[in-house]
Amino acid sequence: MDTRDPHDARLSRRRFVQGLMLGGAAAGLGMRAGVTMAQSDAVAPRELRGTRFDLAIGELPVDFTGRRRLATAVNGQLPAPLLRWREGDTVTLRVTNRLRVPSSIHWHGILLPAGMDGVPGISFPGIAPGETFTYRFPLRQSGTYWYHSHSGFQEQTGLYGPIVIEPARGERFPAERDYVVMLSDWTDEDPLAVYAHLKQQGDYYNYAEPTAPEFLRDVRTQGLRRALAERRMWQRMRMSPADLADVGGATYTYLMNGRTPVDNWEGLFKRGEKVRLRFINGSAMTLFDVRIPGLKMTVVAADGQDVEPVSVDEFRIAVAETYDVIVEPSDDRAWTVFAQAIDRSGYARGTLAPRAGMDAPVPAMDARPVLSMGDMMGAMGGGSMARHARPEYRNPGVDMRVDTPRSNLDDPGIGLRGNGRRALAYADLHTIGGALDAREPGREIELHLTGNMQRYMWSFDGVKFSDAKPLHFRAGERLRLVLVNDTMMNHPIHLHGMWSELENADGGFQVRKHTIDVQPAQRVAYGVTANALGRWAYHCHMLYHMEAGMMREVVVS
């Protein structure tokens, strides 16, 4: 039985978690736990520079919604301190675990030896309570990255922070101001309870399921026969056109640099300056659509790698992705940095302004989109046939298969199509310098992203991580990974330790990334050079999807 609150109470709750908060990790308790002046005139995550760092993982009292809770933090800060490194250096990080449970830190997107990657059970044993683990690795790249726990649900409770690696030869796209904008989602619930709710009822946090009045509306606009046929089709497939996000504003408060929308993170500028904004999605489960109404954004880097500049009004940032954009505010006025969740159940918000304390109008959220037949079936007019693995059939963990997935990269995704704004798509991204390895792949591995929404089971090829054998890459080989999304959810897939070089529809190089978001019913292919010996994690970065089984171990030997 659904025991959730009535509609009005839900609306009230959602408004509460979106903006009616009383303070952040520091301000809500009347203390300055983690927010300090990282730059002369702006509030940003505290910054640590150098090559040697001491980090301590512990608990931090926070109050984002009027309820006091305990977060997992680094050096008493949420987000964790900004680590500013320099390409070519070797960094040493002594991480002490002051929790009562094991912990870990994974350096997301950083190329390093497997033993330094920080994934318990794969690349190291984890950090036991009271122990200190020393990470040490050279920096062979530059750009915007981040770090987070890979233990349990600690990432959901606050253990994440930004990394900026300054290029040895200076920035290709210099700017007068440089800010990290870290997006995240916070829940007052115990993440174990969130996961249990999802296992009991996959749409537990989805309050936008089709209703009887909406059916009557469809009858009026489409006719009874078509409206009934559409309802039967969705029911037969045990799907809903409203399945945009597993977890949304019913429990989440969305944060920008650890601040709620009311608390309003600020970045300052002088008119005419170029401002670089390093967006990082450190959420557990939320894809954001980002825009700054009235300002064009020039995207200059994706996942830390410089790209040919492209001017957009809006971009989607999936969990774990990073995008650097440059804006040039031309007036002495405030501008709202607006990041609405993909399901439009809430937003994170901050302000760019010439003076502290200024505000700009906060736009209304867009209407909640609904999934289309293309999001469920792919290329309905034809297309290449998918090869499904045997475990996908007669499997209670697989509730749908896409036989003709679409492979277009020019689709910005549901909710961004035809909304009148220029939205970024993967087809717009071109890494400067091209592919790192020009060899034609000698081998192809196809994997399907599979699941059963009602049972909340997630997997590759219908096999969850605990039952799967590792994937083996031969050291030095160039191979092509093909991912086919057989579900109706987005899945940002992250391969540790090696770059994923996305291909366009013709098989040519498109863009280099560490995390590739695969849209519903979409097929993507990317090249990987197996140049990193050892054991690596390969998984969906939606935290609860990974926990449920959408993960593999990759062995390079």
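On a predicted model such as this, the values are computed, not experimentally measured, just so you know.

Student: Can you walk me through the overall build of the chain in this structure?
Tutor: A count of helices and strands for the chain gives six helices and 33 strands. Taken across its 557 residues, the chain has 61% of its residues classed as buried. Intrachain contacts of the chain at a sequence separation of at least 6 include 77% that bridge at least 24 residues. Counting every atom, the chain has about 21300 Å² of accessible surface; 50% of that belongs to carbon and sulfur.

Student: Even after reading the chapter, I still don't get the sheet that holds strand β17 (residues 297–302), so can you show me in this structure?
Tutor: On the basis of which strands lie adjacent, the open sheet formed by six strands has the order β13-β12-β15-β20-β17-β18 and mixed pairing. On the outer flanks of this sheet lie β13 (252–256) and β18 (305–312), each paired with one strand and no other. When the angles between neighbouring strand axes are averaged without regard to direction, this sheet yields 20°. Examined bridge by bridge, β17 and β18 share five bridges and lie antiparallel to one another. The residue of β18 that forms the bridge with Met297 is Val312.

Student: What should I look at first to understand the nonpolar core in this one?
Tutor: It is characteristic of soluble globular proteins that their nonpolar side chains tend to be buried jointly. Ranked by size, the top nonpolar core spans 150 residues in total, and within it Trp85, Trp107, Phe137 and Phe473 carry the most contacts. Top contributing element to this core by residue count: strand β12 (residues 177–187), with six residues. Once residues within four sequence positions are removed from consideration, Phe137 is found in contact with Trp85, Asp89, Thr90, Val91, Leu93, Trp107, Ile110, Leu112, Pro113 and Met116.

Student: Quick question: what am I supposed to make of the pattern of salt bridges here?
Tutor: Any two side chains of opposite charge can pair, on the condition that their charged atoms come close. By the definition in use, this model includes 40 salt bridges. Its salt-bridge partner being Glu166, residue Arg86 comes within 3.8 Å of it at the nearest N-O pair. Highlighted residues: Arg86 in strand β6 (residues 82–86) and Glu166 in strand β11 (residues 160–166), separated in sequence by 80 residues. Arg172 serves as the salt-bridge partner of Asp306, at 2.9 Å between the closest nitrogen and oxygen. Here Arg172 lies in the loop between β11 and β12 and Asp306 lies in strand β18, a separation of 134 residues in the sequence. Salt bridges sharing partners connect three or more residues here, namely Arg387, Glu440, Glu444, Glu446, Arg480 and Glu503.

Student: What is the right way to read the side chain of His545 from this model?
Tutor: By the element assignment, His545 lies in helix α6 (residues 543–548). Owing to a relative accessible area of 0%, His545 belongs among the buried residues under this scheme. Setting aside anything within four residues of it in sequence, one finds His545 in contact with Asp246, Met285, Tyr456, Trp458, Met489, Asn490, His491, Cys540 and Met550.

Student: I would appreciate a short explanation of unusual backbone geometry in the present structure.
Tutor: In this structure, Pro79 follows Leu78 across a cis peptide bond, with omega equal to -5°. A positive phi angle is found at Asn257, which is not glycine, with a value near 50°. Positive phi outside glycine occurs at Asn264, with the angle close to 55°. Take Asn264: it is sitting in the loop between β13 and β14 (265–268).

Student: Help me out: how do you make sense of the side chain of Asp461 in this one?
Tutor: Relative to the helices and strands, Asp461 resides in the loop between β24 (457–460) and β25 (471–473). Buried and without a salt bridge, Asp461 has Arg552 as its closest oppositely charged side chain, separated by 5.4 Å. Residues within four places of Asp461 in sequence aside, it is in contact with Ala389, Pro391, Glu392, Glu446, Leu447, His448 and Thr450.

About the thresholds
- Starting afresh in each chain, residues are numbered from 1 along the sequence in its written order.
- In keeping with the model being predicted, local features are shown solely for residues with a pLDDT of at least 70 and side-chain atom pairs are shown and tallied solely at 80 or more, while totals for entire chains, interfaces and linings include all residues.
- The basis for every side-chain value is the complete set of non-hydrogen atoms in the structure, without hydrogens or water.
- Runs of H or I in DSSP of at least four residues are treated as helices and runs of E of at least two as strands, each being numbered from the N terminus.
- Three labels apply to residues, based on accessible area from a 1.4 Å probe with only protein chains included: buried if under 20% of the type maximum, exposed if over 50%, partly exposed otherwise in between.
- Contacts are residue-level and defined by heavy atoms, with any inter-residue pair within 4.5 Å sufficient.
- Accessible surface area values rest on a Shrake-Rupley calculation with a 1.4 Å probe, where residue burial reflects the displayed protein chains alone.
- Here, a strand pair is defined by DSSP locating no fewer than two bridges between the strands.
- Helix axes are fitted to C-alpha atoms over the stretch in contact, other axes to C-alpha atoms as well, and angles between N-to-C directions run from 0 to 180 degrees.
- Here, nonpolar core means buried Ala, Val, Leu, Ile, Met, Phe, Trp, Tyr and Cys residues that are tied together by side-chain atoms lying within 4.5 Å of each other.
- A pair is scored as a salt bridge if a Lys or Arg side-chain nitrogen falls within 4 Å of a carboxyl oxygen belonging to Asp or Glu.
- Counted charges follow a simple rule, with Lys and Arg positive, Asp and Glu negative, and His plus the chain ends left uncounted.

That's the geometry; what it means functionally is another story.
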